[in-house]
Amino acid sequence: MRLRLLSAVCFLMGTLTPLMAKPVKQGPPQPHTAEGGSDEKPEETGLAYDRYLRQVVEVLESDPGFREKLEKANVSDIKSGNIAVHLEMVNHTVRTALDELKRLEIARLQELVRMEMQGFLKYFPMPGHLDLKNPHSFEVEDLKTLIQKTTSDLEELDKKRREEFKTYEMEKEFEKQEHLKQLSEEERKREEARLEELKKKHADHPKLNHPGSKDQFEEVWEKVDHLEDQEFNPKTFFFKHDINGDMEWSIEEVDAVLQLELDKVYDNNKSPEEDDPIERQEEMNRMREHVFKEIDKNKDYRISFQEFIDYTGTAGDKAEFKEDEGWNTVDETPVYTDEDYRRYLEAYHAQPGVIQ
């Protein structure tokens, strides 16, 4: 189960790991991703201090008093680091454990600096996620610094994810055009016809329901929950998909509810040319972000039972919930402009003396 403090700051990224695109010929390389809710290294933040962050959160949430304050805190207090003032209330065992974690983290950073000075490591910038002025104990300032730094870094990683996806799409278009240029006219026509057929096959899928709409949830109710012989009940549906029974839907639990919708468009058994796994991941990001925007009214990146019922209505009869305007997939939503593409070609594929 994702811890609440980590969830609040990490959701800023959308997905919790950087995006991976296939290797490209000349464009910038892309890092790796795992789909939200998968079993492949779940919940990694991609931060250089990920292990330290995770350990601090686990220790803090082992204290009942701090956990209670955390449950009642709004997301702005968490993201700003104001929640750190409650560190003074935690028990001695927790404070001792935090002190030790900080000492170990400082020792790790010192070792990296030493390796850099001896030439075994390239330039290592200090991450700035803890108070180095006090190397002996974990204080309020340490927790506040850690939360603020994590929030800032994850926002940057989320921006990077979106830019990397745009770059991936532009490189994909460039490679296609370059491939076509190398063919004879007859070969080019055959290849263009083949690509157009793949595009049509990809577009030939069942109607997509609007993520978080009644139609979308009812389809999960019937095809996943196998309750087609019963009338849709929001309360039953919520608790059926509250896997850990904590009265909230986490990011992973929302991803699971969206999986059926995603599978309508993207089939992992098909070739990447037809159903691109990178575009599949971005589609999940977009769907998830939309559902949280619609339902998570207090913006704590958890969907509580009350928020869910407020959105659906007790009997699933809220007008907003019943609306289904469909959904445009990522390949139907341009992610870059002609100007973006021109600049990309100039940056990564410009040839001396040739105007793109």
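About the cut-offs
What you see as residue numbers is a count from 1 along each chain, following the sequence as written. Given that the model is predicted, a residue must reach a pLDDT of at least 70 before its local features are reported, and side-chain atom pairs must reach 80 or more before they are shown or counted; all residues, however, enter totals for whole chains, interfaces and linings. Values shown for side chains rest on all heavy atoms present in the structure; no hydrogens or waters enter the calculation. Counting from the N terminus, the helices are DSSP H or I runs at least four residues long and the strands are E runs at least two residues long. Three exposure classes are used, based on accessible area relative to the maximum for each residue type with a 1.4 Å probe and protein chains only: buried under 20%, partly exposed in between, and exposed over 50%. By definition in these notes, contact holds between two residues if any of their heavy atoms fall within 4.5 Å. Per-residue and other accessible areas were derived by the Shrake-Rupley procedure at a 1.4 Å probe size, with only the shown protein chains allowed to occlude residues. By convention in these notes, a salt bridge is any Lys or Arg side-chain nitrogen within 4 Å of a carboxyl oxygen on Asp or Glu. UniProt positions are given in the numbering used here, feature names are shortened, and annotations may be inferred rather than shown by experiment. Axis lines are fitted through C-alpha atoms, for helices just across the contact stretch, and the angle between N-to-C directions can take any value from 0 to 180 degrees. Oblique is the label for any angle not covered by the other classes, which are roughly parallel (under 35 degrees), roughly antiparallel (over 145) and roughly perpendicular (65 to 115). Under the convention adopted here, Pro, Cys and the residues Ala, Val, Leu, Ile, Met, Phe, Trp and Tyr are nonpolar, Asp, Glu, Lys and Arg are charged, and Gly plus all remaining residues are polar.

Caption draft 1: Main features of the overall build of the protein chain. For the protein chain, the count of helices and strands is 14 helices and two strands. Taking all 356 residues of the protein chain together, 46% fall into the buried category. Partitioning the contacts of the protein chain with sequence separation of at least 6, the portion at a separation of at least 24 is 70%. Carbon and sulfur atoms form 51% of the exposed surface of the protein chain, whose accessible area is close to 19000 Å².

Caption draft 2: The environment of E248, seen in detail. Relative to the elements of secondary structure, E248 occurs in strand β1 (residues 248–249). For the pair E248 and I303, spaced 55 residues apart in the sequence, the C-alpha separation amounts to 5.3 Å.

Caption draft 3: A look at the pattern of salt bridges. Tallied over the full model, the rule gives 42 salt bridges. Salt-bridge contacts for D340 lead to K166; the nearest nitrogen and oxygen are separated by 3.8 Å. Of this pair, D340 sits in helix α14 (residues 338–348) while K166 sits in helix α6 (residues 140–181), placing them 174 residues apart in sequence. Given a relative accessible area of 16%, K166 falls into the buried group.

Caption draft 4: How the structure looks around the UniProt feature "domain: EF-hand" (unreviewed entry) in the protein chain. Per the UniProt record, "domain: EF-hand" (unreviewed entry) is annotated on residues 283–318. Structurally, residues 283–318 is divided into 58% helix and 6% strand, and its ends, taken at the C-alpha atoms, are 26 Å apart.

Caption draft 5: Spotlight on the packing of helix α8 (residues 214–223) against helix α10 (residues 251–265). For the pair α8 and α10, interaxial distance at closest approach is 9 Å and the crossing angle is 95 degrees. As judged from the angle between their axes, α8 and α10 are roughly perpendicular. Every residue of α10 that contacts α8 at Q216, F217, E219, V220 and K223 is listed here: V257, L258, L260, E261 and K264. For the contact of α8 with α10, the class distribution of residues is five nonpolar, one polar and four charged.

Caption draft 6: Summary view of the packing of α6 against α14. Running from N to C, α6 and α14 cross one another at 75 degrees; their axes reach a closest spacing of 10 Å. Judged by the angle between their axes, α6 and α14 are roughly perpendicular. From α6, K166, T167, M170, E171, E173, F174 and Q177 reach across to α14, where they touch D340, Y341, Y344 and L345. The residue makeup of the contact of α6 with α14, split by class, is five nonpolar, two polar and four charged.

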